[in-house]
Amino acid sequence: MEYSETELLAILLSREVRDGEISACGALSQIPAAGLLLAQALHAPNAELIILNSVFNPFHTSKPFHFLAQRGELGLFFVSGVQIDRHGNYNLHQLGPDPEHPTIRFPGGYGGGMIYYAARRTVVFRTEHTRRSLVEKVDYISAAGGTPPDVLRHGHPSKAVTPKANFRFDRDAGLLRLDSVHPAYTLDDIRECTGFDVGTGPVSTTPAPTTEELAVLRQVIRRKMIDTGTYAEWARKSLGDEATRAA
Amino acid sequence: MGVPYVPIVGLVGTDLLKRRDDMVIAVDPFDGRTKSVVAKALRPDVAIIHAQVADRHGNVSCGYDAEVVILAEASKHVIVTAERIVDRLTEKEAAGAFIPSIHVDAVAHAPFGAHPAGCFGLYGPDKIHMRQYVAASKDDASFAEYLQTYVHGVRDHDDYVERFVPRDWRQPVRAIGQ
């Protein structure tokens, strides 16, 4: 079945949501927002969703959200970074070998640097899987995958998800391990486009998006995002094939 | 807020922490063992807040929940500019982001005081002006020119509104303000 990388990512993220938990994503998070709503429509009807800057948010300001996370009540958070490294660190701040003279700067973000430690699980995702985005070591650590055992922390990264593969975070080793390769790719493909060691396999294949996942995402979730003004323009353009878009 | 410091679960091992001398790693004084980040209070000397409505006693309403209440609590002095000044805020107006007068030093009547940004419920951001601002921010020379035009070269707030707030925005909100 045909599907876009965006649809694949939304579906893979939705599978990480557990029923009954509080799951959240930040601002400018179109793909996680679609994933959260999809999970609630499919396997997690009792999931509490927090999609910042949308109607799916019980809070009006960031202060109660901050303290909800600090108390350890956030089950799952989705975050992205321009670089992700093998230690589960991600970078949302800047690129370049000299931190005092970055070649490019990004918006950064305090929020992720707090939630990465406070949420029980964080899934870090990236829309590009190349050697420049999945690196041995990030140029700037916006949030650290591992910390010494005496550091107060409610949770850790659990997975890294890209359009080509899933990685799981091995807490004991403090390393991302290749977990599964998406349909249409091989272990050699992943080795070729990843900037850190992905092991020698064998590795399983990620279950492809099901007919049901795609249909609900393209029809129910797309409609819901448009009707609630949750990244409506993005949903209109990015979810569904031409037939569903015309509807 | 404005309390001496707050503990934060997070940020340990980040490069952000290396650049901040107002955030340090501290041991939990109760268990004597666990470490977390402690952030020093930000205590601004002066906060300037634009609001939808304020009253003659210095009570302020932003009309919806907003972070500015924390800012007002933390700051040593608070100056409020408001679209509208009334004798006394109603209970309804005091809902949402309400800043009690105990935090407020001064209130000034400034219709369109948020321009070129927006004021929730009254007017949105001035997108054309915002694009000029972004373009002017590219280098010091163009930004100096921007400041000369919109800040230093303006006689007073009324002069600014007259010259730079889009004409078709004005009449209805002006009427509310009076």
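The rules behind these values
Starting afresh in each chain, residues are numbered from 1 along the sequence in its written order. Here chains are named by letter from A upward and ligands by number from 1 upward, in the order in which they appear as written. In view of the model being predicted, local features appear only for residues whose pLDDT reaches at least 70, and side-chain atom pairs are presented and counted only at 80 or more, with totals across whole chains, interfaces and linings using the full set of residues. Only runs of H or I of at least four residues qualify as helices and only runs of E of at least two qualify as strands under DSSP, and these elements are numbered from the N terminus. To sort residues by burial, count the other C-beta atoms lying within 10 Å of each one's C-beta; a count of 20 or more means buried, 12 or fewer means exposed, and anything in between means partly exposed. C-beta atoms are built from the backbone. Two residues qualify as being in contact provided that their C-beta atoms, derived from the backbone, are within 7 Å of each other. Throughout this description, the term nonpolar core refers to a group of buried Ala, Val, Leu, Ile, Met, Phe, Trp, Tyr and Cys residues whose C-beta atoms join them within 7 Å. Only Asp, Glu, Lys and Arg are considered charged, only Ala, Val, Leu, Ile, Met, Phe, Trp, Tyr, Cys and Pro nonpolar, and every remaining residue, Gly among them, polar. To define axes, lines are fitted to C-alpha atoms, for helices over the stretch in contact only, and angles between the resulting N-to-C directions are given on a 0 to 180 degree scale. Any angle from 65 to 115 degrees is called roughly perpendicular, while one under 35 is roughly parallel, one over 145 is roughly antiparallel, and all others are oblique. Should the near helix be turned anticlockwise from the far one by less than a right angle, the crossing is termed left-handed; should it be turned clockwise, right-handed. pLDDT gives the predictor's per-residue confidence on a scale running from 0 to 100. Two strands make a pair as long as DSSP finds a minimum of two bridges between them.

With that settled, consider the overall build of chain B. Across its full length, chain B holds 6 helices and 8 strands. Listed by position from the N terminus, the elements making up chain B come as β-α-β-β-β-β-α-β-β-β-α-α-α-α. Its C-alpha atoms give chain B principal-axis dimensions of about 65 × 45 × 25 Å. Of all 178 residues assigned to chain B, the portion counted as buried reaches 24%. Long-range pairs, those at least 24 residues apart, make up 73% of the contacts in chain B with a sequence separation of at least 6.

Residues and elements named next belong to chain B. By the secondary structure assignment, Lys 76 is in the loop between α2 (68-74) and β6 (77-86). Residue Lys 76 is classed as exposed on the basis of its C-beta count, with 11 C-beta atoms lying within 10 Å. Linking Lys 76 and Leu 122, residues 46 residues apart in sequence, is a C-alpha distance of 29 Å. Sequence-distant contacts of Lys 76, defined by excluding residues within four places in its chain, comprise Arg 43 and Asp 45.

The subject of this paragraph is the nonpolar core. Counting 70 residues, the largest nonpolar core has Leu13(A), Ala34(A) and Phe77(A) as its most contacted members. Sequence-distant contacts of Ala34(A), that is, excluding residues within four places in its chain, are made with Ala10(A), Leu217(A), Ile221(A), Met225(A) and Leu239(A). One finds Val80(B), Val104(B), Val107(B) and Ala110(B) within the second-largest nonpolar core, a separate group that totals 18 residues.

At the interface, 18 residues of chain B touch 22 residues of chain A. Mapped onto the side of chain B that touches chain A, the elements with two or more residues apiece are α1 (15-18) and β3 (35-40) of chain B. Residue classes in the side of chain B that touches chain A are distributed as 8 nonpolar, 5 polar and 5 charged.

All names here are of chain A. In contact at an axis separation of 10 Å, helix α2 (residues 30-42) and helix α6 (residues 211-227) are set at 115° when each is read in the N-to-C sense. With respect to α6, the element α2 is oriented roughly perpendicular. Along this stretch, α2 crosses α6, giving a crossing that reads as right-handed. Listed contacts from α6 to Ala 34, Leu 37, Leu 38, Ala 41 and Leu 42 of α2 are Glu 213, Val 216, Leu 217, Val 220, Ile 221, Lys 224 and Met 225. Here the contact of α2 with α6 is composed, by residue class, of 10 nonpolar, no polar and 2 charged.

For the rest of this paragraph, the subject is the confidence of the model for chain B. All names here are of chain B. Chain-level statistics for chain B give a pLDDT mean of 90 and a share of 96% at 70 or above. When the elements of chain B are averaged for pLDDT, helix α6 (residues 167-177) gives the smallest value, 62, and helix α4 (residues 140-152) the largest, 97. In the predicted structure, residues 174-178 sits below a pLDDT of 50 and forms 5 contacts with residues beyond four places in sequence or in another chain. The ipTM assigned to the predicted complex is 0.89, against a pTM of 0.87.

A regular strand places its side chains on the two faces of the sheet in alternate fashion. Residue and element names in this part refer to chain B. As paired strands, strand β1 (residues 5-8) and β3 are joined by 4 bridges and run antiparallel to one another. Paired with Tyr 5 across the strands is Lys 40, a residue of β3. Sheet topology note: the strand β2 (residues 23-27)/β3 ladder contains 5 bridges and is antiparallel. For Ala 26, the partnering residue across the bridge sits in β3 and is Ser 36.

Further remarks concern the sheet that holds strand β8 (residues 106-109) of chain B. Strand order in the open sheet made by the 5 strands is β7-β5-β4-β6-β8 (chain B), with mixed pairing throughout. Only two strands of the sheet have a single partner each, and these edge strands are β7 (98-99) and β8 of chain B.

A word on unusual backbone geometry. Trans peptide bonds make up the majority, and among non-glycine residues the majority have a negative phi. At the junction of Gly201(A) and Pro202(A), the peptide bond is cis and its omega measures out at 0° in the coordinates. Here the amide bond leading from His115(B) into Pro116(B) is cis, since omega sits at 10°, within 30 degrees of zero. Within the secondary structure, Pro116(B) sits in the loop between β8 and α3 (127-136). Positive phi is not limited to glycine here, since Asn53(A) has a value of about 60°. Phi at Tyr231(A) is positive, roughly 50°, even though this residue is not glycine. Along the chain, Tyr231(A) turns up in the loop between α6 and α7 (232-238).

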